[in-house]
Amino acid sequence: MGSFFSTLLTPPPMDDDPNSAVVAAHSTATWDQQWEAHKSSGKLLVIDFSASWCGPCRFIEPAFKEMASRFTDAIFVKIDVDELAVCFRQYLPYL
């Protein structure tokens, strides 16, 4: 029931915006590419673990995109935990 009410208060998920500084990793290949770019550049890597059904995840998405456009010296990556559970469990194995 809580998820029903959260969908009334939170915006719908945003589509992948080609103009956004956030890279949406939809495959392990994309994630591996971003990880290697992070390691070779020495830039800060900011990861948004989210899910399309998660109300709070959708609520924070505009702020995450805003931070990505403001802090260009960092790499911002969005990972859908349902699509890339392997990557998600790599960093949060206890869940």
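From a predicted model like this one, the values you see are computed outputs, not experimental measurements.

### Concerning the pattern of salt bridges
According to the stated counting rule, one finds three salt bridges in the structure shown. A salt bridge links glutamate 61 to lysine 78; its shortest N-O distance comes to 3.0 Å. Remark: lysine 78 occurs in strand 3 (residues 74-80) and glutamate 61 occurs in helix 3 (residues 55-70); sequence separation between them is 17 residues. On the basis of relative accessibility, which here comes to 5%, the residue glutamate 61 falls in the buried class. Residues joined in a network through salt bridges with shared partners are Glu61, Lys65 and Lys78.

### Things to note about the sheet that holds strand 3
Spatially, three strands are ordered 1-3-2 in an open sheet, and the strand pairing comes out parallel. If you trace the sheet from one side to the other, it starts and ends with strand 1 (22-25) and strand 2 (44-50), each paired once. Recorded for the sheet is a direction-independent mean angle of 25° between the axes of neighbouring strands. For strand 1 and strand 3, the ladder comprises four bridges, and the chain directions are parallel. By the bridge assignment, valine 22 is partnered in strand 3 with phenylalanine 76. Strands strand 1, strand 2 and strand 3 of the sheet are contacted by helix 2 (residues 28-41), whose axis makes an angle of about 160° with strand 3.

### Describing the packing of aromatic side chains
One pass over the structure, following the stated rule, counts two aromatic pairs. Ring plane angle 35° and centroid distance 5.9 Å describe the contact between tryptophan 31 and tryptophan 35, whose orientation is recorded as tilted. Highlighted residues: tryptophan 31 and tryptophan 35, both in helix 2, separated by four residues, approximately one helical turn. The exposure class of tryptophan 35 is partly exposed, given its relative accessible area of 28%. Relative to phenylalanine 76, the ring of phenylalanine 64 has its centre 5.3 Å away and its plane inclined at 75°; by these criteria the two rings are edge-to-face. One end of the pair, phenylalanine 64, is in helix 3; the other, phenylalanine 76, is in strand 3, with 12 residues separating them in the sequence. You'll find phenylalanine 64 and phenylalanine 76 in the same group, each marked buried.

### Structural notes on the nonpolar core
As a rule of thumb, soluble globular proteins bury nonpolar side chains together. The biggest cluster of nonpolar side chains holds eight residues, and these are Ala25, Trp31, Leu45, Ile75, Val77, Ile79, Leu84 and Cys87. In terms of residues, this core owes the most to one element, strand 3, which gives three residues. Excluding residues that lie within four positions of it along the chain, isoleucine 75 makes contacts with Gln34, Ala37, His38, Ser41, Lys43, Leu44, Leu45 and Val46. Of all hydrophobic cores here, the second largest spans five residues; its members include Val22, Ala68, Ala74 and Phe76.

### Comments concerning helix 2
Taking 1.5 Å per residue, 14 residues should reach 20 Å; helix 2 reaches 20 Å between its end C-alpha atoms and fits that length. Every buried residue of helix 2 is accounted for by Trp31, Gln34 and His38. Relative to the axis of helix 2, the buried residues are bounded by an arc of 65° and lie together on one face. Away from its buried face by more than 90 degrees, helix 2 exposes Ala29, Gln33 and Ser40. Two residues or fewer past helix 2, glycine 42 is found with a positive phi of approximately 75°.

Cut-off values and rules
Residues numbered from 1 in each chain as written. Predicted model: local features only at pLDDT ≥ 70, side-chain atom pairs only at ≥ 80, totals over all residues. Heavy atoms only, no water. Salt bridge = Lys/Arg side-chain N within 4 Å of Asp/Glu carboxyl O. Helix = DSSP H or I, 4+ residues; strand = E, 2+ residues; numbered from the N terminus. Buried < 20%, exposed > 50% of the residue type's maximum accessible area, 1.4 Å probe, protein only. Pairing = 2+ DSSP bridges. Axes fitted to C-alpha atoms, helices over the stretch in contact; angles between N-to-C directions. Contact = heavy atoms within 4.5 Å. Phe/Tyr/Trp six-rings, centres within 6.5 Å; stacked < 30°, edge-to-face > 60°. Core = buried A, V, L, I, M, F, W, Y, C linked by side-chain atoms within 4.5 Å. Expected span 1.5 Å × (residues − 1). Arc of directions from axis to C-beta.

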